[in-house]
Amino acid sequence: MKFTIMINEGPYQHQSSDTALQFARSVLAQGHEIFRVFFYHDGVNNGTRLSVPPADDRLLQKEWSEFSKENNLDLVLCIAAAQRRGIMDESEAERQGLDANNIIEGFRISGLGQLIEGGIEADRTVVFGD
Amino acid sequence: MATKKFMFVNRKAPYGTVYALESLEVVLISAAFEQDVSLAFVDDGVYQITKGQDTKGIGQKNFSNTYKALGDYEIKKLYVEKESLEERGLTQDDLMDLVWEDEDDDWAEKPSIIMVNRSEMADVMAEQEVTLSF
């Protein structure tokens with residue numbers, strides 16, 4: 001079965017992203033496929049590489065990034081939500097005339113159409129949020 | 001591209017958090033994909049479509065007029081849960097008149113709001129293929 005996963009909360013404040021990551025690992029472990037993971041609302045904060053949690057805490061963004069690399073996953077940050085919250089890739093930062101970018105490897109920034117396409121293409125769409 | 005039954009479940013008040021505003025952005029994009037779209041308004045989500053919203057005092061953008069444009073995007077099934085209204089002391093009279101124009105009926109304006117009780121809402125949700133909740 002093919003899944004699209006939507007994550008609507010940022011890391012640390014909510015547990016949604018942790019639960020979604022565990023769910024995604026299970027999906028693959030059971031032989032299913034992940035079409036796309038789409039990050040919306042504060043969920044786009046899962047795509048920054050500038051988080052520095054205390055040493056005894058998990059670094060969720062890095063876990064997503066590595067999970068994506070190992071499994072060749074499509075992790076998409078909504079562009080409108082990312083712009084509001086200051087999550088930028090190199091080309092977007094340049095386009096907006098900003099002096100820095102902060103996206104972590106393994107994520108890309110794209111439009112909301114990617115979420116709708118995910119809903120159409122997957123057999124199941126699962127939302128993690130408040 | 002295939003057509004699926006999409007439902008957007010609106011559970012939060014329009015102001016206080018950004019869920020309602022950003023939900024509406026997804027709804028509008030979904031229209032471009034020509035999907036079979038329904039909206040559900042439950043819990044505090046019913047406040048999103050109340051009339052007479054005035055945000056001047058709170059420094060937030062009043063986006064309530066956008067709901068009136070949904071009919072123009074062929075989004076014409078807005079399910080509102082009766083119990084959620086009642087629990088908040090609201091009736092359908094407190095909601096905006098949301099309509100769509102039926103081109104097969106000389107562009108007659110028809111109501112978009114469909115009042116359902118909690119168990120009917122569950123039935124409508126069960127029919128959906130993609131349910132996104134905000």
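In case you missed it, the structure is sitting above this.
Thresholds applied
- Every chain's residues receive numbers from 1 upward, in the order its sequence appears when written.
- Each chain gets a letter, beginning with A, and each ligand a number, beginning with 1, in the order they are written.
- Thresholds applied to this predicted model are a pLDDT of at least 70 for local features of residues and 80 or more for the giving and counting of side-chain atom pairs; totals over whole chains, interfaces and linings are not thresholded and use all residues.
- Helix numbers and strand numbers start at the N terminus; a helix is a DSSP run of H or I with at least 4 residues, a strand a run of E with at least 2.
- Atoms considered for the radius of gyration are the C-alpha atoms alone. The globule rule reads 2.2 Å times the number of residues to the power 0.38.
- The burial criterion counts other C-beta atoms lying within 10 Å of a residue's C-beta, which is placed from the backbone; the residue is buried at 20 or more, exposed at 12 or fewer, and partly exposed between these limits.
- Helix span, expected: 1.5 Å multiplied by one less than the number of residues in the helix.
- Throughout, a residue-residue contact means that the two C-beta atoms, derived from backbone geometry, are no farther apart than 7 Å.
- Following the grouping adopted for this structure description, the nonpolar residues are Ala, Val, Leu, Ile, Met, Phe, Trp, Tyr, Cys and Pro, the charged ones are Asp, Glu, Lys and Arg, and the polar ones are all others, Gly among them.
- Only strands that DSSP links by at least two bridges are regarded as paired with each other.
- Note that the arc is computed from the directions linking the helix axis to the C-beta atoms.
- A set of buried residues drawn from Ala, Val, Leu, Ile, Met, Phe, Trp, Tyr and Cys, joined through C-beta atoms within 7 Å, is what defines a nonpolar core.
- An axis is simply a line fitted to the C-alpha atoms; with a helix, the fit covers only the stretch in contact. Between two such axes, the angle follows the N-to-C directions and lies from 0 to 180 degrees.

**Student:** Honestly, the overall build of chain A in this entry has me stumped. Any pointers?
**Tutor:** What chain A contains, in helices and strands, is five helices and five strands. In sequence order, the secondary structure elements of chain A are arranged as β-α-β-α-β-α-α-β-α-β. Against the compact-globule benchmark of 14 Å for 130 residues, chain A has a radius of gyration of 14 Å, which places it among compact chains. Dimensions of chain A, computed from C-alpha atoms along their principal axes, come out at roughly 45 × 35 × 30 Å. Expressed as a percentage of the 130 residues in chain A, the buried residues total 44%.

**Student:** Whenever I open this one, helix α1 (residues 19-32) of chain B confuses me. Can you help?
**Tutor:** Given 3.6 residues per turn, any residue in an α-helix points the same way as the ones three and four places further on. An ideal rise of 1.5 Å per residue puts 20 Å on 14 residues; α1 of chain B measures up with 21 Å between its terminal C-alpha atoms. Of the residues making up α1 of chain B, those classed as buried are Y19, A20, E22, S23, L24, V26, V27 and S30 of chain B. Taken together, the buried residues of α1 of chain B touch α3 (79-85) and α5 (113-121) of chain A together with β1 (5-10), β2 (36-41), α2 (65-68) and β7 (130-133) of chain B. Two residues or fewer past α1 of chain B, E34 of chain B is found with a positive phi of approximately 50°.

**Student:** Whenever I open this one, the interface of chain B and chain A confuses me. Can you help?
**Tutor:** Note: interface size is frequently given as the accessible area lost on complex formation between the parts. With 16 residues of chain B at the interface, the matching set in chain A holds 13 residues. Listed by contribution, the elements that provide at least two residues to the side of chain B that touches chain A are α1 and β7 of chain B. Here the side of chain B that touches chain A gets six residues from one element, more than from any other, and that element is α1 of chain B. Residue classes in the side of chain B that touches chain A are distributed as 10 nonpolar, three polar and three charged.

**Student:** How should the pairing of strand β5 (residues 108-111) of chain B be read in this particular structure?
**Tutor:** Each regular strand shows side chains that alternate between the opposite faces of the sheet. Residues and elements named next belong to chain B. Direction of pairing for strand β4 (residues 99-102) relative to β5: antiparallel, over a ladder of four bridges. Residue pairing for β5: D102 is matched across the bridge by A108. Between β4 and β5, which pair antiparallel and follow one another directly, the connecting turn spans five residues, one of which, D106, has a positive phi of 55°.

**Student:** Sorry if this is basic, but what is going on with helix α1 (residues 16-29) of chain A here?
**Tutor:** Residues and elements named next belong to chain A. The first and last C-alpha atoms of α1 sit 20 Å apart over 14 residues, in line with the 20 Å expected at 1.5 Å per residue. What α1 keeps buried is the set S16, S17, A20, L21 and A24. The buried residues of α1 all sit within an arc of 130° when viewed along its axis, so they share a single face. Exposed residues lying more than 90 degrees from the buried face of α1 are Q22, S26 and A29. Elements in contact with the buried residues of α1: β1 (2-7), β2 (33-39), α2 (60-71) and β5 (124-128). Where α1 ends, the next residue or the one after it, G31, has phi of about 85°, a positive value.

**Student:** What's the story with unusual backbone geometry in this structure? I'm lost.
**Tutor:** Among all residues except glycine, the phi angle is most often negative; among peptide bonds, the trans geometry is most common. Backbone geometry at Y12 of chain A places phi at a positive 75°, although glycine is not the residue there. In this structure, Y12 of chain A sits in the loop between β1 and α1. Overall, the presence of 15 C-beta atoms within 10 Å leaves Y12 of chain A in the partly exposed class. In the Ramachandran plot, E34 of chain B falls in the positive-phi region, its phi being about 50° despite a non-glycine side chain. With respect to the element layout, E34 of chain B can be found in the loop between α1 and β2. Assessed through the 10 C-beta atoms surrounding it within 10 Å, E34 of chain B is described here as exposed.

**Student:** Honestly, the nonpolar core in this entry has me stumped. Any pointers?
**Tutor:** Among soluble globular proteins, nonpolar side chains are generally buried collectively. Residues I5, V37, F39, L77 and C78 of chain A together with F8 and F41 of chain B are the most contacted members of the largest nonpolar core, which totals 63 residues. Among all residues touching F39 of chain A, those that are not within four sequence positions of it are I7, V44, N46, G47, V76, L77 and C78 of chain A.

**Student:** Can you help me understand the sheet that holds strand β4 (residues 107-110) of chain A in this one?
**Tutor:** The strands that make up a sheet are held in pairs by hydrogen bonds between backbone atoms, and each pair lies either parallel or antiparallel. Residues and elements named next belong to chain A. If you trace the five strands from one edge of the open sheet to the other, you get β4-β3-β2-β1-β5, paired in parallel fashion. Both edges of this open sheet fall to β4 and β5, since each of them pairs with a single strand only. Direction aside, the axes of adjacent strands within the sheet are offset by 25° on average. Of the pairings in the sheet, the one linking strand β3 (residues 75-78) to β4 comprises four bridges and is parallel in character. Its bridge partner lying in β4, V76 is registered against R108. In the packing of α1 onto the sheet, the strands contacted are β1, β2 and β5, and the crossing angle to β1 comes to about 170°. Contacts from α5 reach β1, β2, β3, β4 and β5, with the element oriented near 155° to β2.

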